[in-house]
Each structure stands twice: as C-alpha cells, then as structure tokens.
Amino acid sequence: MRKAERAAATRAAGKLARTCPECGAPVPPERRTYCSDPCREAHERAVVIPRRVSGRVAAMAEARANGRDPSHGGAAAGKRAETLAARQSARREWETAHPDVDLDAERERFAREILPGLQGVPIAKIARAAGISTTYAQLIRAGIYTPHPLYFARLVDLLAADGNK
Ligand SMILES: [Zn+2]
C-alpha cells in the first residue's frame, strides 16, 4: 500500500473504532472524542484535569528538589516566599483562635460538604473568594489539595452566594 492509502485506511479504521472514553458508547461521526457533552465534562473533571494538574505539581516538585523553579525566579521567588510565610502565620493564628477545632474532622467535612459544591464554580471565582492563587484553587477544586480550614468559611460563603443567585 502506498503511504497515502495507508493513512486513509488508518483514518477510516480509527473512525469506526471510536468509543467514548467515559461511557464506552460509539462516538457519533460529528463528534470528536466523546459521545456527548455530559460525558466530555464528566471525563475531563474525573481524569483529564487531575492528570494535567498533578503533572504540573510533579514537575514543580522535581524542579524544587533540583534547586530550581522554572516558573519563578529572582524577585518573584522572594515575593512568593513572603506570601508563603504570610500564609503560614495566618494558619497558626487561625489555629490559636480556634483551639477546639479538630483539623482532620474539618478536612473530612470539606470533602463531604464543600468540595462537591465547588465543581461548578470557575477557578478564578474560587481564587478570588478565598484570596488564593488560581493554581492553588485549581488543585483544591480537583480534590488534590485540601485547603486549611481557615479558608472554609470563605468558600461556604461563596457557595451560598452562588446558590442564592
Ligand atoms: Zn459517553
């Protein structure tokens, strides 16, 4: 077979064999990857976004282990260290002000009561409401990071405001 024919055959076979990665149903010819929008959204939420985000986290961790950070340098690194220190002291302050809070129980409450509600909320909105970076907001919404309980009240307020629209 000539090269062009082989390519056409591969394309045809690919078209026939396509199944939705979310539900396994055949993908209609007018759609590219998924059988439907709900399947696309469900699959992206469950698989694609967490994979993308955890890939980025792994790359950042590796860069840091090697003593470099590809995304930040010089003044940005200094400012980031400052932000980190401010965040840590905010956490300590919150824990001192709430001595009776069981942090583990709070984190479980987050997964149960807050995280599901965040799924439909845009990253930028979460970041703004909680006063955190969009990267951090993305990790939180994807369920990879659980934020410190000091952020919970702001997120609950955000969801309440969203629900009242
Ligand atoms: Zn499907």
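Residues numbered from 1 in each chain as written. Predicted model: local features only at pLDDT ≥ 70, side-chain atom pairs only at ≥ 80, totals over all residues.

1. Considering the overall build of the protein chain
Keep this limit in mind: Numbering of helices and strands runs from the N terminus; a helix is a DSSP stretch of H or I covering at least four residues, while a strand is a stretch of E covering at least two. Exposed residues have 12 or fewer other C-beta atoms within 10 Å of their own C-beta, buried residues have 20 or more, and partly exposed residues fall in between, where C-beta atoms are placed from the backbone. The contact rule is simple: place each C-beta atom from the backbone, and if two of them lie within 7 Å, those residues are in contact.
For the protein chain, the helix and strand inventory stands at seven helices and zero strands. What you see in the protein chain, going N to C, is helices and strands ordered as α-α-α-α-α-α-α. Sorting the 165 residues of the protein chain into buried and exposed places 8% on the buried side. Sequence separation of at least 24 residues holds for 43% of the intrachain contacts in the protein chain that already meet a minimum separation of 6.

2. Looking at the nonpolar core
Convention followed: Each nonpolar core consists of buried Ala, Val, Leu, Ile, Met, Phe, Trp, Tyr and Cys residues. Their C-beta atoms, within 7 Å, join them into a set.
Within the largest apolar cluster, ten residues are counted, these being L118, I126, A130, I132, A137, L139, I140, A142, Y151 and L155. Among the elements that take part in this core, helix α6 (residues 134-141) stands out by supplying three residues, more than any other. Ignoring sequence-local partners within four residues, the contact set of A130 consists of A137, Y151, R154 and L155.

3. Side note on α6
All buried positions along α6 are accounted for by A137, L139, I140 and R141. Those residues of α6 that are buried lie in contact with α2 (37-65), α4 (103-118) and α5 (123-130). Taken from the residues just after α6, G143 is the one with a positive phi, measuring 80°.

4. A word on the confidence of the model for the protein chain
Just so we agree on the cut-off: Confidence of the predictor at the level of single residues is captured by pLDDT, which takes values from 0 to 100.
Confidence in the prediction of the protein chain, expressed as mean pLDDT, is 81, and 81% of residues score 70 or more. Summarising per-element confidence for the protein chain, the mean pLDDT is lowest in helix α1 (residues 3-17) (58) and highest in α5 (93).

5. Comments concerning the packing of α5 against α6
Basically, it comes down to this: To obtain each axis, a line is fitted to C-alpha atoms, and for helices this fit is confined to the stretch in contact; angles are then taken between N-to-C directions over 0 to 180 degrees. An angle below 35 degrees is read as roughly parallel, one above 145 as roughly antiparallel, one from 65 to 115 as roughly perpendicular, and any other as oblique.
Interhelical geometry of α5 versus α6 gives an angle of 110° and a closest axis separation of 8 Å. The angle between α5 and α6 falls in the class roughly perpendicular. On α6, the residues touching I123, A124, I126, A127 and A130 of α5 are T134, A137, Q138, I140 and R141.

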